[in-house]
Amino acid sequence: MLKEQISDKEGIILLLMFIIGTTMIIGAGGNAKNDAWISAILATVFFIPMLLIYSRLLFDFSRKRFI
């Protein structure tokens, strides 16, 4: 069985796309109506610190496995 690994950069991009996609599909601004685009932008902005923390953890513990 082949073990495939994704790089740190690919993992961060995958996480970012998941959060943005989930925000768009679920509709974080259900009550916002026409201003739902603002809630999507705010969700992305609030996600950035979490992304930075996650990428820092990946960088600090790059030799360790999480599984």
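Quick caveat: nothing in here was measured; it's all calculated off a predicted structure.

Draft legend 1. The overall build of the protein, seen in detail. Along the protein, the regular secondary structure elements total two helices and zero strands. Sorting the 67 residues of the protein into buried and exposed places 15% on the buried side. Surface summary for the protein: the accessible area is close to 6200 Å², and the carbon and sulfur share equals 68%.

Draft legend 2. Spatial organisation of helix 2 (residues 36-60). Look at helix 2: 36 Å from first C-alpha to last across 25 residues, which is about the 36 Å you get at 1.5 Å a residue. Within helix 2, the axis deviates most sharply at Ile48, by approximately 30°, and proline Pro49 lies no more than four positions further along. Among the residues making up helix 2, those that are buried are Ser39, Ala40, Phe47, Leu51, Ser55 and Leu58.

Draft legend 3. Just the pattern of salt bridges, in detail. Across all of its chains, the model carries one salt bridge by this definition. The partner of Arg56 in a salt bridge is Asp60, and the shortest N-O contact between them spans 3.3 Å. Taken together, the positions of Arg56 and Asp60, both in helix 2 and four residues apart, correspond to about one turn of that helix. Given the relative accessible area of 42%, Asp60 is considered partly exposed.

Draft legend 4. Molecular detail of a nonpolar patch on the surface. Where nonpolar side chains cluster on the molecular surface, the patch consists of Trp37, Ile38, Ile41, Leu42, Val45 and Phe46 and spans about 620 Å² of accessible area. Relative to the assigned elements, Ile38 resides in helix 2.

Definitions and cut-offs
Residues numbered from 1 in each chain as written. Predicted model: local features only at pLDDT ≥ 70, side-chain atom pairs only at ≥ 80, totals over all residues. Heavy atoms only, no water. Helix = DSSP H or I, 4+ residues; strand = E, 2+ residues; numbered from the N terminus. Buried < 20%, exposed > 50% of the residue type's maximum accessible area, 1.4 Å probe, protein only. Areas by Shrake-Rupley, 256 points an atom, 1.4 Å probe, with all protein chains shown as cover. Expected span 1.5 Å × (residues − 1). Bend = angle between axes of the 7 residues up to and from the residue. Salt bridge = Lys/Arg side-chain N within 4 Å of Asp/Glu carboxyl O. Patch = residues over 30% accessible without salt bridge, like charges linked within 9 Å, V, L, I, M, F, W, Y side chains within 5 Å.

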